[in-house]
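Residue-level structural notes
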Amino acid sequence: MTKTIAHELAKKQREISIAEFFERNKHILGFGNPTRALVTAVKEAVDNSLDACEEAKILPDILVEVHTKGEDGECKIIVEDNGPGIIRRQIPLVFGKLLYGSRFHAIRQSRGQQGIGISAVVLYGQLSTGKHTIVISKIDEKRPAHLYELAIDTNKNTPEIVKNEVTKWDKPHGTRIEVTIVGDYKRGRRFLYDYIQSTSIVNPHAQITFVEANGEKHVFERVTDTLPRPTVELKKPHPQGIELGTLIKMAKNTSNRKLSTFLKKEFTSMGERTTDAVCRIANLDKDANPKELTRDEFIRLLKAFKKVKIMAPPTDCLSPIGETLIKRSLKHETQEISPEFIVATTRPPSVYSGHPFQVEAGIVYGGKLDANSPVKILRFANRVPLLYQQGGCVSTSALSDIDWRRYKLEQRGGKGIPNGPAIFFIHVASTSVPFTSESKEAIADVPEIENEIKLALRECARKMQHHLNKKEKRIKTREKFELITKILPEIAKKSASMLEKPVPPLDAVITRIMDVVWIEDIITYEKVERKKVQTTLEGFDEGKNYGYITKSQLLVANYKQKPQKFNLYALIPSDAVVGFIDPKPAKIEEGKYIKWCLPAIEPTGKLEITFELAGLDKGDFDENDLYVEGINPEYVIGADKWEGD
Amino acid sequence: MENKREVMKKLDEIAEKIYGDLIKNEIPSLTLPTRAKSNIVFDEHFGVWKYGKGITSRAAKTLDGAYMLLRTMYVAEFIKSMIKTRKSSTLREMYYISEGWNMAKFSSQQDSDSIAEDLEVITGCLREDFRLRPEEDGARIIGNLVIEEVTRSGEKRRIHCQDDVGDAGYSIPYNVEKEKIVFKDADADFVLAIETGGMFDRLVENGFDTSHRAILVHLKGQPARSTRRFIKRLSEEKKLPVFVFTDCDPWSYRIYGSVAYGAIKTAHISEYLATPTAQFLGVAPSDIVNYELPTDELTKEDVKALKSELTDPRFKSRFWKDEIKLQLKIGKKSEQQALAKYGLDYVTDTYLPEKLAQMGVLKK
């Protein structure tokens, strides 16, 4: 028998080791150069710690240390958490086997997904320095801590246990990883710092301590004791998010014998009518056995999913950060800048190709930010900062598409990244974030997502506009106040004394000069014992037995020449609870607004309004958003036109 | 010059207008002509440039307007008190006095000077009526002219502006009105107004005032009001032609403009300050060419000023258009004292006689 070419080729065909695969693909995994490798290594470890703590409902306390004392070009990275720990026999698999993880098959919002992250770090350390990784983990106070020294068998993709011993660790529970890699600390330091700071912004419930190679310690404090809403795992996929291969696999493995039951039972959002419609459009028999469908028929089914209007998947699998916490976090991390104001918004959940997603945005404005350089963009996906490939990200293109000139930012031709004293915050949360590549640095150009980002940014822009307008109007009116309270009485006095006549009354002239209704607010915080606070927040720290009441005092002064009667709305944050109010409001829409139908205010008359909010931290609510109805908004300083709910 | 009672009444009218507005529940305001180049028109009757019909309102509707009204009243009151106590003050002194006016205090002397000018415009009175005088004194005079001046002690003193004065000449006081100065005899053929002190002294040293029967006036750059008023009175009362002798640059043409046509800042009293018959003698750009004078390059600012003069209605005559265009073309400027190139006597022996002959004053 002569050997065919195929036989010859077969000699060359063999399994590729994961080491070779990694070597060829390390750039897409984030290890392309020593600078990025450093950031990626820390990022993968911190992501794991945050995910683990969240699942275990523990407020994360994470320590990141970098040491450069060893061989030249080597960095020892230590990441330690107070998470639930990992049971002994799983430790080698989690850290020493690629593509091993708990989240790959789950449909939920989480940081890591492919189970490639942390083991890739271990592998990179091993390949670049030949050194092993040390993992210590403890799952309970009463149990011992286990120490593993691990390597990866790169031919078999299995963990190799170099050392395994019981050790003493004074933490009640948690995990610690020590890995040595080739990394460029000198260049990577700045990125590392940015990454940790950004991570702290989107994880307001986490405390992260970063110890630099020179011993300098930065503590990124926790700003809330409330854990993110637990994400619910979607047990069943949404038909519009499914791929052909997965669909075929599901059909082959199903125990349902009828196509209609298969669709109804194994997919979400598939009711009787939707199922009928899908089968009709795909031209398939409802009673057909799903196992026996041909490839062609599967394709028809897939096409039908896209044509039929199917109810969106449930979105409680998402965990947005929320407007108040975004603002609080940004405020905390921008203290040194002392910004003029911070606005934020959380969009309602939406869906692209069957995957739920939700967009949040924020803007930090003014203060010490440079007005002449491009705005800074902080991008996040599932609470993970995206540090690279800003230009290729849908967040950037959505931002660049909006004309920011009307919001007092400079932008050539009304397109592109604007210049101005602002930091933009964009967070996309999804059960499946469509990244442009495996390195997960940029979100792909999905029209639904782009649109939601634009809507979120526009909402922020409107709030920003509101602030800027108010500021401008206030400055002008403040001048008039000086005029009517100081200069005008002097003018009256002087003219009277020169003519030796009595000083004339000024009320009518004052209203002519001012010709506005002026609304001003003062906000104070009152510290109270916790028991007395009405709160919707749960899970208070035991040690913290106090809270704050946010007290707003509104002053409405009529400087028009005629009596004014109108309705006033004060927006309240969704997580606040309304307490004492005076005068009696016409309506309270919890989490949205308070409405008053004010009595007529006489010229130069004043009216005071007081209301209290509970459930907020000191500084969360430092300015009222006020709106008016039933009066020409042009007359009013300090409130905008009420546009309806 | 108005009488004291009249001036005080006009000052009170300002307070009355403001008080009246307040009583009528109206926003207090004052109106006055717009004091800008855009509001300058030629007055056929007087032959000078005056404010047009543009009106500016200063109202307490804005913070600036309110401050202006308050300050105007403070200034008016201060002037009244000076009139009553027979004192006078410099504009600078008034600025420092305003330190005690609380909110009405001025932030710069420019502001207080400007209010004083506003008051003139509003009341139709003169700064002299307000007993306010500028910082700088008037310029100097040498020539065969006899003046009778009322001194501080009230006595009348006759001063001959050649025999009774030193080489520095007679100093023009800030008040040159009839109750202070009367022109007695003037045995001269013309008045020569000179921009720089150096040239004035040269002409004095060379005895030009006697050799050519001239009354020499030193303008000291942009001339003070008293200097302009003095020249006007001298020219009109003694029927003497006036010639203006300056450097050859755009700023000097403006000096001539304020003597002959009236300045924008004082356009409300142009008929009182300007001498429409005054003629420009030189140094003109054509002199640079004809006399081959030493020159400097025109700066960017010079070029800009020249171009602005091309569109200035006061410089619209054929003569100015040709001269300015010529200067822009050659790109040069020169000074009066550049004539010294040909010797110290050249200006008095050759240049001035030639120019005056061209203008029909002297025979060649």
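None of the values given here were measured: they were computed from a predicted structure.

Our focus in this paragraph is the interface of chain A and chain B. By a frequent convention, interface size equals the accessible area lost on bringing the separate parts together. Listed as interface residues are 21 residues of chain A and, on the opposing side, 21 residues of chain B. Here the side of chain A that touches chain B takes 14 residues from helix α13 (residues 447-499) of chain A, the largest share from any one element. A breakdown of the residues in the side of chain A that touches chain B according to their chemical character gives 13 nonpolar, 1 polar and 7 charged.

The next thing to look at is the environment of A:Ile242. Residue and element names in this part refer to chain A. Relative to the elements of secondary structure, Ile-242 occurs in the loop between β8 (217-220) and α7 (244-253). A sequence separation of 112 residues divides Ile-242 from Gly-354, and the C-alpha atoms of the two residues are 7.5 Å apart. For Ile-242, the contacting residues outside a window of four places in its chain are Pro-237, Leu-247 and Gly-354.

Residues and elements named next belong to chain A. Read from one edge to the other, the open sheet built from 8 strands follows the order β5-β4-β3-β6-β2-β1-β7-β8, with strand pairing classed as mixed. On the outer flanks of this sheet lie β5 (158-167) and β8, each paired with one strand and no other. Mean inter-strand twist for the sheet, computed between neighbouring axes without regard to direction, equals 15 degrees. Judged from the 9 bridges that link them, strand β4 (residues 145-153) and β5 form a sheet pairing that is antiparallel. Residue Tyr-148 lies in a different strand from β5, and its bridge partner there is Asn-164. Its contacts with the sheet put helix α3 (residues 34-55) on β1 (61-67), β2 (74-80) and β6 (174-182), and the angle it makes with β2 is roughly 15 degrees. Set on the sheet, helix α5 (residues 117-129) makes contact with β2, β3 (133-138), β4 and β6; between it and β6 the angle comes to about 35 degrees.

Turning next to the confidence of the model for chain A. Across chain A, the average pLDDT comes to 85, with 94% of residues at or above 70. Within the model, pLDDT remains below 50 along residues 532-543 of chain A, and this stretch shows 24 contacts once partners closer than five positions in the same chain are excluded.

Ranked by size, the top nonpolar core spans 72 residues in total, and within it A:Leu488, A:Ile491, A:Ile519, B:Ala66, B:Leu69, B:Leu70 and B:Met73 carry the most contacts. The element best represented in this core is helix α2 (residues 63-85) of chain B, accounting for 10 residues. Residues contacting B:Leu70, with those up to four places away along its chain left out, are A:Ile487, A:Glu490, A:Ile491, A:Lys494, B:Met103 and B:Ala104. Within the second largest apolar cluster, 67 residues are counted, among which are B:Ile147, B:Cys161, B:Val244 and B:Leu281.

All names here are of chain A. Here α3 crosses α5 at 140 degrees, and the two axes come no closer than 8 Å. On the basis of the axis angle, α3 is oblique to α5. The handedness of the crossing between α3 and α5 comes out as left-handed. Every residue of α5 that contacts α3 at Ala-37, Ala-41, Glu-44, Ala-45, Asp-47 and Asn-48 is listed here: Gly-117, Ile-118, Val-121 and Tyr-124. Classifying every residue of the contact of α3 with α5 gives 6 nonpolar, 2 polar and 2 charged.

Right, let's talk about the sheet that holds strand β21 (residues 606-616) of chain A for a bit. The 5 strands are arranged β18-β21-β16-β15-β23 (chain A) in an open sheet whose pairing can be described as mixed. Either end of the sheet is taken by a strand with one partner, and the two such strands are β18 (577-582) and β23 (636-637) of chain A.

Any two packed helices are characterised by how steeply their axes cross, that is the angle between the axes, and by the distance between the axes. In the contact formed by α13(A) and helix α1 (residues 4-23) of chain B, the axes pass within 9 Å of each other and the chain directions differ by 125 degrees. Taken as axis vectors, α13(A) and α1(B) run oblique relative to one another. Crossing of α13(A) against α1(B): the hand is left-handed. Along the contact surface, α13(A) presents A:Ile491, A:Ala492, A:Ser495, A:Ala496, A:Met498 and A:Leu499, while α1(B) presents B:Asp12, B:Ala15, B:Glu16, B:Ile18, B:Tyr19 and B:Leu22.

Parameters and conventions
- Residues numbered from 1 in each chain as written.
- Chains lettered and ligands numbered in written order.
- Predicted model: local features only at pLDDT ≥ 70, side-chain atom pairs only at ≥ 80, totals over all residues.
- Contact = placed C-beta atoms within 7 Å.
- Helix = DSSP H or I, 4+ residues; strand = E, 2+ residues; numbered from the N terminus.
- Nonpolar A, V, L, I, M, F, W, Y, C, P; charged D, E, K, R; others polar.
- Pairing = 2+ DSSP bridges.
- Axes fitted to C-alpha atoms, helices over the stretch in contact; angles between N-to-C directions.
- pLDDT = per-residue confidence, 0-100.
- Core = buried A, V, L, I, M, F, W, Y, C linked by C-beta atoms within 7 Å.
- Buried ≥ 20, exposed ≤ 12 C-beta atoms within 10 Å, placed from the backbone.
- Parallel < 35°, antiparallel > 145°, perpendicular 65-115°, else oblique.
- Left-handed = near helix turned anticlockwise from the far one by under 90°.

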